[in-house]
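# Close look at the chain arrangement
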Protein chains: 2
Amino acid sequence: MPPTNPPMNSSTAGEKAAGDKPRLSRDLVLSTALALVDEEGLDALTMRRLGQELGRDPMSLYRYAANRAALLDGVTELVLKELSIFPDRPDWQAQLRQIAHDLRLLALRHPNVVPLLVTRPLSTPLGLRPLGTLRPLEQILSLLIDAGFAPADALHVYRAYYGFLYGHILNELQEFIVDPDENEALLRLGLHRLPAKEFPRLRALGPVLADYDGAAELDQGISILLTGLAAPLIHEKTTPGTAAR
Amino acid sequence: MPPTNPPMNSSTAGEKAAGDKPRLSRDLVLSTALALVDEEGLDALTMRRLGQELGRDPMSLYRYAANRAALLDGVTELVLKELSIFPDRPDWQAQLRQIAHDLRLLALRHPNVVPLLVTRPLSTPLGLRPLGTLRPLEQILSLLIDAGFAPADALHVYRAYYGFLYGHILNELQEFIVDPDENEALLRLGLHRLPAKEFPRLRALGPVLADYDGAAELDQGISILLTGLAAPLIHEKTTPGTAAR
DNA sequence: GCGTAAAGTCTACATCGTAGACAGTTTCTA
DNA sequence: TAGAAACTGTCTACGATGTAGACTTTACGC
């Protein structure tokens, strides 16, 4: 019997190889799941397939995730752990900008996970979500409150900010889906299929659509948001009673 | 044999009733599917269940949608058809604001469809999406261009706007998931489960989280965006070369 | 009334999530 | 060190799902 090293982190643990069998652990299961999703998409993540990837019976996975949904939540959490927020920085605006770019890159690194990021919280009440999922929220709130916002205002800022951020990511990822072999803009995006009379603007914008500078676009958006946020929100309440009681 | 009325629209066609069998049609199939999703969620929409709902063999559905994914796309399209945009109005800002609220209400009317709205485009290249899905994009572009924006700028405005809008909708729907029987804020959101030391801010915000005025929040966000957009974007390019070639 | 195309049905299969009983292994305790 | 207890992994089995392909029934133009 080989020594079977104790709950070690993922590392280059032998997947697929039938011979050696590293001891399973939640970390190992989840990171293998993430790798699978990254490489082959969400649909490829079935219990059976993941079991096979780990050289184990599919049923063994249920020791580490109550069911498939929980597995998905675990993957979401794992991805969000890659996002690090340092709440003790001087300039809150610079921080928000930084976080935005970090999250964007994270999404580009794991595009197949984005649907989970966006969708899972829709079916889980706030308090029941995986803690790792809520940590960024808490940290950003903390950051804003430390910067001088009243808690209720911090929440509003957070909402506007995170809303915009998620929206941008979805936008960018949507436009990313493209046939990379084709280099004529119209074709690359499949725009040639659109009836010319009904979609003249869209078709005409083919070339512009084709070269999308996501980072710049995001940065610009954040700027707009920040300038809009910094001044008016704090002092005047446009919606009386919202933050009062 | 009853007359079996020809491809009539949905209306109150007898579902489930075993006796009468209205002729199927794509519209009937899709609207029944939508009703099912609205009432019981996305998971309830299986071919077998939908067939049963229509009093028909599940296989018959394949005459009207190539597969389940196409069915989902159809539902998405159907929902988006409820959004009407009138591109010939005077004030583009007022229009964008109006559309935002319309889309928000639409999302609240069909919360179970929102994951589709947001997720399906992530796996389909722009040009291959259902046309109904692209129509709002085209119309908003048209609106902006008519209002004097250069096409490339219109695209940027659209992106910022729609990104924010989707983000807001996701945000609002996320916070909506709540146990309505409970009226203590902490409990209603399940926040009591959170470790107090790790999530002090979030827990403290329980009451504020509990009464969320989505419309106001959205309106405020749109205002910020519009003021930010109206001035700087058109004249100075912060990212040289993005819109030029 | 007949022929052709469309609409609907039937059977069958591979694949999925997962319940429940079981066996093997590790860890704790006396 | 022996035995008990807890944990890990495996096996078998079941019901549900999407859908291919052959078939039957219905509708409709001439």
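Below or above, wherever it landed, is the structure these notes cover. (Residues numbered from 1 in each chain as written. Chains lettered and ligands numbered in written order. Predicted model: local features only at pLDDT ≥ 70, side-chain atom pairs only at ≥ 80, totals over all residues. Heavy atoms only, no water.)

On to the relation of the copies chain A and chain B. Rotating chain A by 180 degrees about the axis while translating it 0.0 Å along that axis superimposes it on chain B, leaving an RMSD of 0.0 Å. Taken together, the turn and the small shift mark the pair as related by a two-fold rotation axis. A high fraction, 100%, of the interface residues of chain A reappear at the interface in chain B, so the copies pair face to face through one surface. (Least-squares fit on C-alpha atoms with pLDDT ≥ 70 in both. Contact = heavy atoms within 4.5 Å.)

Residue and element names in this part refer to chain A. Turning to its location among the elements, His192 is positioned in the loop between helix H8 (185-188) and helix H9 (200-204). Judged by relative accessible area, which is 44%, His192 ranks as partly exposed. With 11 residues separating them in the primary sequence, His192 and Arg203 have C-alpha atoms 7.5 Å apart. With near-sequence residues (within four places) excluded, His192 lies in contact with Leu186, Leu187 and Arg203. (Helix = DSSP H or I, 4+ residues; strand = E, 2+ residues; numbered from the N terminus. Buried < 20%, exposed > 50% of the residue type's maximum accessible area, 1.4 Å probe, protein only.)

Let us look at the protein's contact with DNA strand C. Close contacts around DNA strand C come from 17 residues, with Arg48 and Met59 of chain A together with Met59, Arg63 and Tyr64 of chain B the closest. Protein-adjacent atoms of DNA strand C, using a 4 Å cutoff, are sugar or phosphate at a proportion of 48%. Here a base oxygen of DNA strand C sits 2.3 Å away from a polar atom, N or O, in the side chain of Arg63 of chain B. The residue inventory of the surface near DNA strand C, partitioned by class, reads 7 nonpolar, 3 polar and 7 charged. (Near = heavy atom within 4 Å. Polar contact = N/O pair within 3.5 Å; in protein donor to acceptor, adjacent residues only side chain to side chain. Nonpolar A, V, L, I, M, F, W, Y, C, P; charged D, E, K, R; others polar.)

In this section: the layout of surface pockets. In this model, the largest pocket occupies a volume close to 1300 Å³. What lines the largest pocket is a set of 33 residues, among which Leu42, Pro115 and Thr119 of chain A together with Pro115 and Thr119 of chain B lie closest to the centre. Residues that form the lining of the largest pocket fall into these classes: 18 nonpolar, 8 polar and 7 charged. (1 Å grid on protein atoms, 1.4 Å probe; cavity = no way out; pocket = protein on both sides within 12 Å on 5 of 7 lines; lining within 4 Å. Points joined across faces, edges and corners; volume = space filled by probe spheres on them.)

Each partner contributes to the interface: chain A provides 67 residues, whereas chain B provides 67 residues. Overall, the association of chain A and chain B removes approximately 6300 Å² of surface from exposure, summing both partners, and the carbon and sulfur fraction of that is 64%. Considering only the side of chain A, the residues that lose the most area to chain B are Leu122, Arg159 and Arg201 of chain A, jointly responsible for 12% of the buried surface there. Our enumeration of links across chain A and chain B arrives at 8 salt bridges. Where Arg135 of chain B meets Glu198 of chain A, a salt bridge forms, and the shortest distance between an N and an O atom there is 2.6 Å. Summed over the shared surface of chain A and chain B, the result is 22 residue pairs in polar contact (both at pLDDT 80 or more). Within the residue set of the side of chain A that touches chain B, elements represented by two or more residues are helix H5 (114-119), helix H6 (131-146), helix H7 (151-176), H9, helix H10 (206-210) and helix H11 (214-230) of chain A. Broken down by element, the residue count for the side of chain A that touches chain B peaks at 16 residues, all from H7 of chain A. Of the residues contributing to the side of chain A that touches chain B, the split by class is 38 nonpolar, 17 polar and 12 charged. (Buried area = accessible area lost by both parts, 1.4 Å probe. Salt bridge = Lys/Arg side-chain N within 4 Å of Asp/Glu carboxyl O.)

Right, let's get into the protein's contact with DNA strand D. In the vicinity of DNA strand D there are 18 residues, among which Met59, Arg63 and Tyr64 of chain A together with Arg48 and Met59 of chain B approach most closely. Near the protein, meaning within 4 Å, the atoms of DNA strand D are sugar or phosphate in a fraction of 45%, with bases accounting for the rest. Leu24 of chain A is positioned such that a nitrogen or oxygen atom in its backbone is 3.2 Å from a phosphate oxygen of DNA strand D. In the environment of DNA strand D, a phosphate oxygen lies 2.9 Å from a nitrogen or oxygen atom belonging to the backbone of Arg68 of chain B. Across the surface near DNA strand D, the residue classes tally to 6 nonpolar, 4 polar and 8 charged.

Turning next to the pattern of salt bridges. Counted according to the given criterion, the structure contains 20 salt bridges over all chains. Between Glu217 of chain B and Arg159 of chain A there is a salt bridge, and its shortest N-O distance comes to 3.3 Å. Taken together, the positions of Glu217 of chain B in helix H11 (residues 214-230) and Arg159 of chain A in helix H7 put the pair across two chains. Taken as a pair, Glu217 of chain B and Arg159 of chain A share a single burial class, namely buried. Notably, a salt bridge pairs Asp146 of chain B with Arg201 of chain A, separated by 3.0 Å at the nearest N-O pair. One end of the pair, Asp146 of chain B, is in helix H6 (residues 131-146); the other, Arg201 of chain A, is in helix H9, on a second chain.

Before going further, it helps to examine the packing of aromatic side chains. Per the stated rule, a full pass over the model turns up 8 aromatic pairs over all chains. Centre to centre, the rings of Trp92 of chain B and Phe149 of chain B are 5.0 Å apart; their planes meet at 90 degrees, and the pair counts as edge-to-face. Taken as a pair, Trp92 of chain B in helix H4 (residues 92-109) and Phe149 of chain B in the loop between H6 and helix H7 (151-176) lie far apart in primary sequence, 57 residues in all. No difference in accessibility class separates Trp92 of chain B from Phe149 of chain B, as the two residues are buried. Geometrically, the ring pair formed by Tyr158 of chain B and Tyr162 of chain B is stacked, given 4.9 Å between the ring centres and 20 degrees between the ring planes. Linking Tyr158 of chain B with Tyr162 of chain B, this pair stays in helix H7, spanning 4 residues, or about one helical turn. Its relative accessible area of 8% is what places Tyr158 of chain B among the buried residues. On the basis of relative accessibility, which here comes to 7%, the residue Tyr162 of chain B falls in the buried class. An aromatic cluster is defined as three or more aromatic residues linked by ring pairs; in this entry it consists of Tyr158, Tyr161, Tyr162 and Tyr166 of chain A. (Phe/Tyr/Trp six-rings, centres within 6.5 Å; stacked < 30°, edge-to-face > 60°.)

Soluble globular proteins: nonpolar side chains tend toward being buried together. Counting residues in each nonpolar core, the largest one holds 145 residues, and the members touching the most others are Leu144 and Tyr161 of chain A together with Leu144 and Tyr161 of chain B. What Tyr161 of chain B contacts, discounting residues up to four positions off in sequence, is Leu96, Ile99, Ala100, Ile140, Ile222 and Leu225 of chain B. (Core = buried A, V, L, I, M, F, W, Y, C linked by side-chain atoms within 4.5 Å.)

Nothing here speaks to function; it is all geometry.
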